[in-house]
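# Remarks on the overall topology
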Amino acid sequence: MDFSLLGPISVTTGSGELTLGPAKRRSVLALLLLQPNTTVPLEQLIDSLWEDEPPEHARTVVQGHVSRLRATLAEGGADAYGIELATHGSAYLLRLPEELIDAHRFAELVALARPEAAPGDAVPLLREALGLWRGPALTGTVTSPPFAAAAHALEEQRLAATEALARAHGALGEHEQAAAILYTAAVNNPLREGMVAELIRALFRTGRQSDAMEWFHRTRRLLDEELGVGPGARLKGAYEEILRAEEAGAGGRARSGAAPGAGRGATSAPAGGAGQTAGGARPVPGGAAPVAGTSADRAAAADPRTAADPRVPAQGGRGPVGGAPGRAAGPPAVPHLLPRPPARFLGREQQLAALTAVVQSAEPGESPLAVVTGPAGVGKTACAVQWSHAYAGAFPDGQLFADLRGFNEGAAAEPVEILRDFLLALGTPPERVPTSAQSASALFRSLVAGRRLLVVLDNAQSSAQVRPLLPGGAHCATVVTSRSRLDGLVATDCARPVALQALGAAEGTALLGAMLGAERVADDPDAARELVELCDGLPLALRAAAAQLTARPRWRLARLAAALRDERRRLALLSAEDTGVAAALRMSVARLSADDARLLSALAANADGHLNASVAAALAGSDPEVIQEGLDRLTEMHLVDEESTDVYTISTLTQLFARDEGPAGGSVED
């Protein structure tokens, strides 16, 4: 007989899992298992089961649950395992061998592991320990503070074991394994500084310096936004350790005549050759020859022919580019700040080709600027990052990336904050970074004036936010993503828009196949097509639906499709933890004025989602001319689509959100 606390509460025997009943009964068992062979007072059980004032008959309820548990355990053969649920006055005692409890076995295995002293032995011990987990601890118990605290304590033990396993792999020199283990855990615990510190060390030791730096800067921003604090000693220590290692490596290379970047792990290019389109062409900014993104290739770029080109900064022991105050003498820093390529990215060939065309067809002397636009959840960031990785080799002087937080909770990023990150990544000493946006922007343009550099500005709120971040060099290229059309950039900076639309049935079904496996989708093709339709073809919604199905491997696609037909549940089902369609739309609506939010709510009442300005005015009870201006603003934000002159559509998911949430805009602008 096995008792499980590390996941859903369960009791398993040789003949299968016992039926434990409702949440309170499972919670009684969990509390007794958390204190095995110890008397647990009835009052403690009552306090744990009811978060608010317990009912008058609480004692009777608990006694009933204990009685039923005793009978269930007896039916499962508890006596044969030496298990007894006994009553001691007004307390209960679950007597059993503690090794039958998965949490006890987990703790014993972790205690036996010595990741630093005996890493070879520690790895299998810790893997076995972590393999006991089947989901969040104490799943199925009531949501009261005592159980939340107990679940948190168990989760802390799991995270500590995860860190120990990574340290063991690191001690064995298996840094790739250490990074892989820490990556998933850090994604789910982004404010756990110690874990992030170990992750960036592991990433650096595998040669992934850009990923390490990106993790540090992202965590620093999160700490500031969420907690209002800076990095702690462990995180800062790891960052400074990497900087010192880089400095020492740069000094050694300078003395030996090696090119910058030699000796570090190379960044692998996508299959098929980075920087090639289907026709074999590369985006070559300003006509400059493409250079592959590996360290060796960058070293080759520093030969005399390249150095003689006045368009390319010299790679020798010169001072700062253009004489700007910044990095000391030595080779310029080559940042690689792109996030990891999007997983299971499919399609979008037309948009990827359009991005390539923007870079290749720029007028002489102009810095190419593309704006990837579309509604929330359509995959703008994924498209921009996919293209940027594929063509990183055309930008041998580095790739910069920043999340401008235009449609996140809280305030959008200030340009001076992003410029500081860029200048530091380009090698500017912290004390020489200007504090004003105007001065920082001028220094940034000066530093990159002669470089072949890619700048990716994700999630922009407005054209005004973007302009100070644009590089000045003719051989630089910029890709911006936004839910807004950013017409201002089109007007003043000749930005070229690249619009993303929802996926069609074939592409949407292919994405489900990539996420779930082709066989599972092929078993239920009609349901797959219906899921695409119910998700409005939005990649974010389809990925959330795939997450639901991944968590329920026994479900057929038709079962989820049936659940999504219920419009009251659809948005809730199309969410996965902190991401989902409702959360994305909420951020868009938060950027609307109160009047525009009310208009959107009124439009949601239209039955078929198709309307014109007159219908919209009737729904909103307002003047058609005023409504026309509001429709234009909603169209610019991709909350409404103008199919043709005076013919507007609103997607089903947007309608459902606007009906459920009501007019909640104005929180940012008003």
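This text goes with the structure placed above it.
All of the points below concern the structure found in this document. (Residues numbered from 1 in each chain as written. Predicted model: local features only at pLDDT ≥ 70, side-chain atom pairs only at ≥ 80, totals over all residues. Heavy atoms only, no water.)

A separate point is the sheet that holds strand β3 (residues 16-17). Pairing is antiparallel across the open sheet formed by three strands, whose spatial order is β1-β2-β3. If you trace the sheet from one side to the other, it starts and ends with β1 (2-4) and β3, each paired once. Note that β1 and strand β2 (residues 10-13) share three bridges and pair antiparallel. Bridging from a neighbouring strand, Asp2 pairs with Thr12 of β2. (Pairing = 2+ DSSP bridges. Helix = DSSP H or I, 4+ residues; strand = E, 2+ residues; numbered from the N terminus.)

Picture the strands of a sheet paired through backbone hydrogen bonds; they go either parallel or antiparallel. Taking strand neighbours across the sheet as the criterion, the five strands line up as β8-β9-β10-β7-β11 in an open arrangement whose pairing is parallel. For this open sheet the edge positions go to β8 (399-403) and β11 (496-499), each flanked by a neighbour on one side alone. Neighbour-to-neighbour, the strand axes of the sheet open up by a mean angle of 15 degrees, direction not taken into account. Bridge count for strand β7 (residues 369-373) against β11 is four bridges, and the pairing is parallel. Opposite Ala370, over in β11, you have Arg496 as the bridge partner. Strands β7, β10 (477-482) and β11 of the sheet are contacted by helix α13 (residues 349-360), whose axis makes an angle of about 170 degrees with β11. (Axes fitted to C-alpha atoms, helices over the stretch in contact; angles between N-to-C directions. Contact = heavy atoms within 4.5 Å.)

Let us look at the pairing of β7. Where a strand is regular, its side chains alternate between the two sheet faces. Extensive coverage of β7 is indicated by the burial of five of its five residues. Judged by which residues are buried, β7 turns out to be covered on both faces: Leu369, Val371 and Thr373 on one side and Ala370 and Val372 on the other are all buried. Pairing geometry for β7 and β10, over five bridges, is parallel. Across the sheet, Thr373 pairs through a bridge with Ser482, a residue of β10. (Buried < 20%, exposed > 50% of the residue type's maximum accessible area, 1.4 Å probe, protein only.)

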